[in-house]
Amino acid sequence: MPAIVIVGAQWGDEGKGKATDQLGESVDYCVRYQGGNNAGHTIVVDGEKYALHLLPSGILTPGCIPVIGNGVVIDAGVLLDEMKALADRGVDTSRLLISANAHLISSYHSTIDKVSERFLGKNKIGTTGRGIGPAYADKISRLGIRVGDLFDEKILRQKLEGALDQKNHLLVKVYNRRAIGVDDILIEFKGYAEALRPYVCDTSRVVNAALDAGQTVVFEGAQATLLDVDHGTYPFVTSSSATAGGACTGSGIPPNRIDRVVAVLKAYTTRVGEGPFPTEQHDAVGERLRETGGEFGTTTGRPRRCGWFDAVIGRYAARVNGVTDFVLTKLDVLTGLERVPVCVAYDVDGVRHDEMPMTQTDFHHATPVYEQLPGWSEDIRGARELADLPANARAYVRTLEDMVGRRISVVGVGPGRDESVVLHDLL
Ligand code: IMP
């Protein structure tokens with residue numbers, strides 16, 4: 001009875017939400033293990049579009065228990081708004097479980113996120129401005145406030161005083177901003193305590209018990225491999241462990257419980273924010289991918305940078321995540337191209353690299369070595385089996401599979417829940 005981790009293989013926005021959602025009714029628990037409301041999952045169910053930021057995708061599947069694990073950072077105001085918005089559309093949110101050990105994002109985190117980006121000037125990261133980095137920084141500095149702290153007012157005040165003392169020095173003396181009062185945050189947090197109380201529990205215990213009972217648990221990564229704080233394109237990354245290993249620390253389950261790692265890979269590549277991106281297309285080609293693929297951020301609305309498929313990244317994702325299956329998404333976006341370039345290696349200052357270069361300096365200097373694959377013009381959105389795809393689209397899938405070295409089990413041919421070609425069941 002599987003524990004499955006679902007991760008993004010590139011820089012995020014690969015369509016992980018759809019992959020998780022597609023496992024559907026067979027999933028008993030869907031656990032978010034890192035990130036916060038910097039994430040954005042767009043899921044289309046029965047023609048209805050849902051944009052989720054903090055809630056696990058499982059919230060849309062009746063019978064599935066959505067869990068926010070200890071590795072997530074929670075902006076409680078955003079979470080409650082998201083729950084209300086779903087409830088207003090008739091979605092039952094009462095099953096949600098929230099880890100008492102998850103850290104809280106407060107207004108001072110988003111303030112610091114925004115002003116520190118401004119101070120970085122041309123070296124900015126291009127964050128979502130949601131306070132993610134500063135909240136994780138507080139966690140590691142042992143200055144964070146956890147969900148469980150909301151229920152002990154004395155401790156909450158004490159911790160807030162400690163955190164704000166430092167923050168206010170920074171805000172006032174370095175960033176020239178107003179100091180934040182402990183009481184203001186306390187009032188805000190007290191409201192959250194009442195609203196969140198029914199959902200908070202020891203989620204590690206619950207999830208381990210579910211696995212003991214033979215239930216199926218999906219661990220849903222947000223962001224992606226190259227945004228991982230250790231394995232991504234540092235410093236142009238998010239501040240958490242988005243790779244498969246993060247599923248363990250971020251939810252309190254041991255590594256030997258994981259049965260499968262599914263990585264979601266877009267049939268081309270996109271990135272939001274700053275940082276190196278070897279196959280990026282700055283011209284009309286990039287524009288075409290962006291328009292056809294609807295490549296605008298779910299969270300910030302920012303246009304995504306777009307480029308060709310990069311097999312070096314695919315191989316890297318396979319290795320650092322221990323990928324067992326790839327889900328290739330948005331193949332339909334490539335329909336109508338005469339030739340589809342695919343990056344098979346990098347040229348770094350005259351030296352060929354078939355694997356990810358060791359240093360970020362080399363990655364910044366990487367120029368793609370392309371192979372040109374023949375395109376297809378037939379509409380593929382109706383395809384449900386491999387045989388339904390035109391020969392060149394089939395060849396594209398099989399060639400990518402060879403290049404990344406792991407099987408491609410599902411191919412997305414449209415945004416809808418059922419618009420996929422399934423080659424191997426994920427469960
Ligand atoms: P942060 O996570 O807001 O600190 O932003 C750090 C980097 O990660 C920026 O380049 C963001 O654009 C990027 N990022 C964060 N969340 C996502 C996501 O869900 N999809 C794609 N990029 C993301």
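Our subject is the structure that appears above.
Report on the accompanying structure.

Cut-offs used in this document
- Residues numbered from 1 in each chain as written.
- Predicted model: local features only at pLDDT ≥ 70, side-chain atom pairs only at ≥ 80, totals over all residues.
- Heavy atoms only, no water.
- Helix = DSSP H or I, 4+ residues; strand = E, 2+ residues; numbered from the N terminus.
- Rg over C-alpha atoms; globule rule 2.2 N^0.38 Å.
- Buried < 20%, exposed > 50% of the residue type's maximum accessible area, 1.4 Å probe, protein only.
- Contact = heavy atoms within 4.5 Å.
- Areas by Shrake-Rupley, 256 points an atom, 1.4 Å probe, with all protein chains shown as cover.
- Lys, Arg positive; Asp, Glu negative; His and termini not counted.
- Charge placed at Lys NZ, Arg CZ, Asp CG, Glu CD.
- Phe/Tyr/Trp six-rings, centres within 6.5 Å; stacked < 30°, edge-to-face > 60°.
- Near = heavy atom within 4 Å.
- Polar contact = N/O pair within 3.5 Å; in protein donor to acceptor, adjacent residues only side chain to side chain.
- Nonpolar A, V, L, I, M, F, W, Y, C, P; charged D, E, K, R; others polar.
- Expected span 1.5 Å × (residues − 1).
- Arc of directions from axis to C-beta.
- Axes fitted to C-alpha atoms, helices over the stretch in contact; angles between N-to-C directions.
- Left-handed = near helix turned anticlockwise from the far one by under 90°.

### Looking at the overall build of the protein chain
Working step 1: Along the backbone of the protein chain there are twelve helices and 20 strands.
Working step 2: Taking 427 residues into account, the globule formula puts the C-alpha radius of gyration at 22 Å, and the protein chain, at 22 Å, falls close to it.
Working step 3: In terms of principal-axis extent, the alpha carbons of the protein chain reach across some 65 × 50 × 40 Å.
Working step 4: Counting all 427 residues of the protein chain, 58% fall into the buried class.
Working step 5: A fraction of 75% describes how many contacts in the protein chain between residues 6 or more apart in sequence connect residues 24 or more apart.
Working step 6: Taken as a whole, the protein chain presents about 17,300 Å² of accessible surface, with 50% of it coming from carbon and sulfur.
Working step 7: The averaged location of the 55 negative side-chain charges in the protein chain is 4 Å from the averaged location of its 46 positive side-chain charges.

### Here's the deal with the packing of aromatic side chains
Working step 1: Scanning the entire structure with this criterion turns up six aromatic pairs.
Working step 2: Ring geometry for Trp11 against Phe363: centres 6.4 Å apart, planes inclined by 40 degrees, an arrangement best described as tilted. Placement of the pair is Trp11 in the loop between β1 (3-8) and α1 (16-23) and Phe363 in helix α11 (residues 360-364), with a sequence separation of 352 residues. With respect to class, Trp11 is no different from Phe363; both count as buried.
Working step 3: Seen from their ring centres, Tyr346 and Phe363 are 5.8 Å apart, and the 65 degrees between their planes marks the pair as edge-to-face.

### Digging into the site of the ligand
Working step 1: Close contacts around the ligand come from 16 residues, with Asp13, Asn38, Thr128, Thr238 and Arg302 the closest.
Working step 2: At 2.6 Å, a side-chain N or O of Thr128 approaches an oxygen atom of the ligand.
Working step 3: Note that an oxygen atom of the ligand is positioned 2.6 Å from one of the side-chain N or O atoms of Thr238.
Working step 4: When the ligand is considered free in solution it has 470 Å² of accessible area, and contact with the protein chains removes 96% of it.
Working step 5: Each residue belonging to the shell around the ligand can be placed in one class, and the counts come to six nonpolar, eight polar and two charged.

### Let's talk about helix α12 (residues 391-404)
Working step 1: Here α12 is 14 residues long and its end C-alpha atoms lie 20 Å apart, about the 20 Å a rise of 1.5 Å per residue gives.
Working step 2: Among all positions in α12, only Ala393, Tyr396, Val397, Leu400, Glu401, Met403 and Val404 are buried. One side of α12 carries all its buried residues, which in axial view fall inside an arc of 165 degrees.
Working step 3: Of the residues trailing α12, Gly405 is marked for its positive phi of about 80 degrees.

### Regarding the packing of helix α3 (residues 107-120) against helix α4 (residues 132-140)
Working step 1: Look at α3 against α4: their axes get within 7 Å of each other, and the N-to-C directions meet at 115 degrees. For the element pair α3 and α4, the recorded crossing hand is right-handed. Note on element contacts: α4 touches α3 through Ile132, Pro134, Ala135 and Asp138, opposite Tyr108, His109, Ile112 and Asp113.
Working step 2: Each residue belonging to the contact of α3 with α4 can be placed in one class, and the counts come to five nonpolar, one polar and two charged.

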